[in-house]
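The primary structure of each chain is shown beneath.
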Amino acid sequence: MPTPPKIPGQPSPHDAYGSDEDSGDKTRKVMVQRIGAVRRVVVHTLRVVAGRDMLRFVTLDEEDIVTIGRDETCSLMLSDASVSRRHAKVRLINGQVVVEDLGSTNGTAVNSHFVARANLNVGDHLEIGAVSLRLDILSLEEISHLENVLARLEAPRRDALTGLLTRAFIEDDLPELMLRCSRVQADLTCLFLDIDFFKQVNDRFGHQVGDDALLTVARLMLVSVRDTDPCVRYGGEELLMFLQGTNEAAAYEVAERIRKTIAGHDWSRTSIGLRVTASIGVAQWDAREPQKDWLARADKALYASKANGRNRVTRSSEVER
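Bear in mind that the values here come from a model prediction, so they are computed numbers and not experimental data.

About the criteria used
- What you see as residue numbers is a count from 1 along each chain, following the sequence as written.
- The predicted origin of the model limits local features to residues at a pLDDT of at least 70 and limits the giving and counting of side-chain atom pairs to 80 or more, whereas totals for whole chains, interfaces and linings rest on all residues.
- Remark: hydrogens and water are excluded; side-chain values derive from all non-hydrogen atoms of the structure.
- Being paired, for any two strands, means DSSP has found at least two bridges between them.
- Only DSSP runs of H or I covering at least 4 residues are called helices, and only runs of E covering at least 2 are called strands; the numbering of each starts at the N terminus.
- Each reported salt bridge corresponds to a side-chain nitrogen of Lys or Arg within 4 Å of a carboxyl oxygen of Asp or Glu.
- Burial classification: accessible surface area is computed with a 1.4 Å probe over protein chains only, and a residue below 20% of its type maximum counts as buried, one above 50% as exposed, and the rest as partly exposed.
- In this description, a line fitted to the C-alpha atoms serves as the axis of each element, helices being fitted only across the stretch in contact, and the angle between N-to-C directions of two axes falls anywhere from 0 to 180 degrees.
- Relative orientations are named as follows: roughly parallel for angles under 35 degrees, roughly antiparallel for angles over 145 degrees, roughly perpendicular for angles from 65 to 115 degrees, and oblique for any other angle.
- Here is the rule for handedness: rotate from the far helix to the near one, and if that takes an anticlockwise turn smaller than a right angle the crossing is left-handed, while a clockwise turn gives right-handed.
- Any two residues whose heavy atoms approach within 4.5 Å are treated as being in contact.
- Each residue is assigned to one of three groups, with Ala, Val, Leu, Ile, Met, Phe, Trp, Tyr, Cys and Pro labelled nonpolar, Asp, Glu, Lys and Arg labelled charged, and all others, Gly among them, labelled polar.
- Take the buried Ala, Val, Leu, Ile, Met, Phe, Trp, Tyr and Cys residues and link them wherever side-chain atoms come within 4.5 Å; each set so joined is a nonpolar core.

What to know about the sheet that holds strand β6 (residues 88-93)
Here's step 1: Across the sheet, five strands lie side by side as β5-β4-β6-β7-β10; this open sheet has mixed pairing. If you trace the sheet from one side to the other, it starts and ends with β5 (76-77) and β10 (117-120), each paired once.
Here's step 2: Bridge count for β6 against strand β7 (residues 96-101) is six bridges, and the pairing is antiparallel. Bridging from a neighbouring strand, A88 pairs with D101 of β7.

Rendered as C-alpha cells:
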C-alpha cells in the first residue's frame, strides 16, 4: 500500500509501528533474523488464535518462566472456563521453547496430543484447555501492532461482542474524518464487508459459534489494517473499514488480503467443520458526494460481490461501468 499523506490530528502509519530501536524493552534477549539483506529483531511469541481471547499473547525471554491460566497473576491470563487458574508454564531455554502442565483439570496438549512436558516448535499449536495458541516468531513491529489492536478493542464506545466501533461512529465521527481528508486532499476509501451465509453458520453450529466467528472476523480485519483506520460494526455481520490516504486500487489490495485471510483461517479451531468466507465492496469517496451516497456505493459493490458468487471483492468503479 502506498504511504498515505499525513492527516492533521492523526499519527502517520509509521507512528503505529515504531522501529527496532524504540520498540519494546531494550534489555530483551531477542534474535536477529536476516531476510535477504534486511535484518530484523524477532521474538518467540505465543498467541491465542481462536475464541474470546483471540490475539492475546505473551513474548518469551530466555530463561524467564511464563505462566498461563485464569489467575490474574499469570503472565498470560485467559478467560475461558476450561482453563485452570494456573494451567501451564512455558520457558525458552537455549532457544528451545518448553511447555509443562501444572496439574490442570482439562490438560495441556501440543498439536492435539496431551502432554505433561514437551518441546514447542514454531508453528505448533498449544491447547490450554479449550483455548488454542500458536507459537510464532514475530518482529517488534508486529508485536507493537498487536498491542495496539488489543488496546483498540478495550477503548470506549466499542461494540460489546466484536470490540469494533459502534454504528454511532458513522453519524458522530465520520463527517469529521471526511472533512479532514478533504482539507488535505487525501483519499478516503470504504470497505464494506459481509460474512457469507452467516445465518447458515448460526443454524448449523449455533449462535455461540456464530458469535465467535463474527468476533474472529473482526480481529482478523483489525490486524490487517493500520492502527489509525476506523473499523465499525455496522449491523449484524456487516462490518465497515475506512482507509485514510488510500485510493480505490490500493484499498482493493487490502480487501483482497483480508478476504484471503478470512478464507484461509483455521476455522476448525473454533468448531470442527466450520468454514467462513466474506464478501467485500470497495468505494473511494468523491469529496463532492454526500456520505450516504458514498456508503450506498460501497453497499452496492458488496451486493455485486455476493451476487457473483460470494467470497470476492468488487470495486464500485466496476459496478458503475
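A closer look at the pattern of salt bridges
Here's step 1: Per the stated rule, a full pass over the model turns up 22 salt bridges.
Here's step 2: The residue K306 makes a salt bridge to D194 at a minimum N-O spacing of 2.6 Å. Linking K306 in helix α7 (residues 291-307) with D194 in strand β13 (residues 188-195), this pair joins segments that are 112 residues apart in sequence.
Here's step 3: Since its relative accessible area comes to 5%, D194 is described here as buried.
Here's step 4: Residue K306 is joined to D196 by a salt bridge in which the shortest nitrogen-to-oxygen separation is 4.0 Å. Remark: D196 occurs in the loop between β13 and α4 (198-205) and K306 occurs in helix α7; sequence separation between them is 110 residues.
Here's step 5: Look at the salt bridges and you will find they share partners, linking R47, R134 and D136 into a network.

Comments concerning unusual backbone geometry
Here's step 1: Positioned with a positive phi, Q185 is a non-glycine residue whose angle comes to about 55 degrees.
Here's step 2: Of note, Q185 is situated in the loop between α3 (174-183) and β13.
Here's step 3: For N311, which is not a glycine, the phi torsion comes out positive at approximately 50 degrees.
Here's step 4: Among the structural elements, N311 can be located in the loop between α7 and β17 (313-315).

A look at the packing of helix α5 (residues 207-224) against helix α6 (residues 248-264)
Here's step 1: Between α5 and α6, the least distance of the axes is 10 Å, while the angle of their chain directions is 140 degrees. In terms of axis orientation, α5 runs oblique to α6. Along this stretch, α5 crosses α6, giving a crossing that reads as right-handed. Packed against α5, whose contacting residues are V217, L220, M221 and S224, the element α6 presents V254, R257, I258, T261 and I262 at the interface.
Here's step 2: Looking at the contact of α5 with α6 residue by residue, the class counts come to six nonpolar, two polar and one charged.

Here's the deal with the environment of T166
Here's step 1: Mapping T166 onto the fold places it in the loop between α1 (140-153) and α2 (168-172).
Here's step 2: Between the C-alpha atoms of T166 and G235, which are 69 residues apart in sequence, the distance is 8.7 Å.
Here's step 3: When neighbours within four sequence positions are excluded, T166 is seen to be in contact with R157, R158, D159, V232 and R233.

Points about the environment of A263
Here's step 1: Locating A263 in the fold gives a position in helix α6.
Here's step 2: Exposure remark for A263: the relative accessible area of 28% places this residue in the partly exposed category.
Here's step 3: Separated by 46 residues in sequence, A263 and V217 have C-alpha atoms that sit 9.9 Å apart.
Here's step 4: Among all residues touching A263, those that are not within four sequence positions of it are V276, T277 and N311.

Thoughts on the nonpolar core
Here's step 1: Grouped together as the largest cluster of nonpolar side chains are 46 residues, with contacts concentrated most on L191, L193, M241, I258 and I262.
Here's step 2: Mapped onto this core, the elements with two or more residues apiece are β2 (38-48), α1, β13, α4, α5, β15 (238-244), α6 and β16 (278-284).
Here's step 3: Here this core gets nine residues from one element, more than from any other, and that element is α5.
Here's step 4: Residues L46, L76, V90 and I128 belong to the second largest nonpolar core, which totals 23 residues.

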